[in-house]
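# A structural walkthrough
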Amino acid sequence: MEDRPVPDYSQAIAGARAWQMAPTLWARTGGILWSMAMLNHWRDGEEIVAKCDAGHPAPAPACSCGIYAWRNVELMFQTGYNPSDHRVISGVVAGAGRVIRGDMGYWVAERVVVLAFFRDPYPSPAEEVLEGSGVYLPTKEEAARVYDVPIIAYEDFEGFCDEYDLIRF
Amino acid sequence: MITAVRHGKEREGEIFEPVKWPPKRRSEPEPRRDPDPRREPEREPRRKREKTPA
């Protein structure tokens, strides 16, 4: 059994982040949510657990591994990671396990779950994978259904985090 | 390509072990015990009340 240090907090850390919506049928098979760089997919409705190819526990101070989120909505906007079209969706996440708080306003965690999606002015169009196929790309409403989470306003972030007893910094 | 990242030195290696994981809403309502409101319970057709002799 791994020898883990005593926890610093008995609650999860609050975060806001954005994802690319799966842009193809192939991508959809991996999950609706993809990292902004389309390098990692999030399995629908599941907790995501970070692993590093280098073999060390994730996250680590000198490595890019781990799951990232901004501390709050304002930082997500300030850094330009907010949705600016229908291909991007954003939401509230909770982080747990090992966490590194970076000095740029983000944190990197070992484990993350999605708790809500943000309502934005870019609704998903009904977009067929192939014309006439009858198979459609996922919508933001579908993401909320699949994850079984609410869609909330950006300004409700703080109150939402309080309701879930998340730690905010 | 990013091969290494310096996360800054604000805090390193904190451990968050939530008592509730995944986090649940504090005021999570108890699951409803009522039957699904979309499905009306089947009712027997109303019988005409028969008048009983006084």
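Residues numbered from 1 in each chain as written. Chains lettered and ligands numbered in written order. Predicted model: local features only at pLDDT ≥ 70, side-chain atom pairs only at ≥ 80, totals over all residues.

With that settled, consider the overall build of chain A. Along its length, chain A carries four helices and eight strands. Computed over its C-alpha atoms, the radius of gyration of chain A comes to 16 Å, within 12% of the 15 Å expected for a compact globule of 169 residues. For the C-alpha atoms alone, the extent of chain A along its principal axes is close to 55 × 35 × 25 Å. Buried residues in chain A amount to 40% of all 169 residues. Look at the contacts in chain A between residues 6 or more apart in sequence, and 62% of them connect residues 24 or more apart. (Helix = DSSP H or I, 4+ residues; strand = E, 2+ residues; numbered from the N terminus. Rg over C-alpha atoms; globule rule 2.2 N^0.38 Å. Buried ≥ 20, exposed ≤ 12 C-beta atoms within 10 Å, placed from the backbone. Contact = placed C-beta atoms within 7 Å.)

Moving on: helix α3 (residues 140-147) of chain A. Residue and element names in this part refer to chain A. Taken residue by residue, α3 has Lys-140, Ala-143, Ala-144 and Tyr-147 as its buried positions. The buried residues of α3 all sit within an arc of 95° when viewed along its axis, so they share a single face. Taken together, the buried residues of α3 touch β2 (33-34), β6 (88-101), β7 (106-118) and β8 (151-152). Two residues or fewer past α3, Asp-148 is found with a positive phi of approximately 55°. (Arc of directions from axis to C-beta.)

With that settled, the discussion passes to the interface of chain B and chain A. Many descriptions give the size of an interface as the accessible area lost when the pieces come together. If you look at the interface, chain B gives 23 residues, while chain A gives 31 residues. When its residues are assigned to classes, the side of chain B that touches chain A shows ten nonpolar, four polar and nine charged. (Nonpolar A, V, L, I, M, F, W, Y, C, P; charged D, E, K, R; others polar.)

As a rule of thumb, soluble globular proteins bury nonpolar side chains together. Membership of the largest hydrophobic core comes to 50 residues, with the highest contact counts inside it found for Ile-13 and Ala-94 of chain A. Elements supplying a minimum of two residues to this core: β1 (13-21), β5 (67-70), α2 (73-78), β6, β7, α3 and α4 (157-163) of chain A. For this core, the element with the highest residue contribution is β7 of chain A, accounting for eleven residues. Sequence-distant contacts of Ile-13 of chain A, that is, excluding residues within four places in its chain, are made with Ala-94, Gly-95, Val-99, Trp-107, Ala-109, Leu-166 and Ile-167 of chain A together with Phe-16 of chain B. (Core = buried A, V, L, I, M, F, W, Y, C linked by C-beta atoms within 7 Å.)

All names here are of chain A. Of all the 13 residues making up β7, 13 are buried; the element is thus mostly covered by neighbouring parts of the structure. Two elements, strand β4 (residues 48-49) and β7, share two bridges in a ladder whose sense is antiparallel. Bridging from a neighbouring strand, Ile-48 pairs with Val-112 of β7. Note: β5 against β7, four bridges, orientation antiparallel. Opposite Trp-70, over in β7, you have Tyr-106 as the bridge partner. Inspection of the sheet shows β7 paired to β8 by two bridges, in the parallel sense. Each bridged residue has a counterpart across the sheet, and for Phe-117 the counterpart in β8 is Ile-151. (Pairing = 2+ DSSP bridges.)

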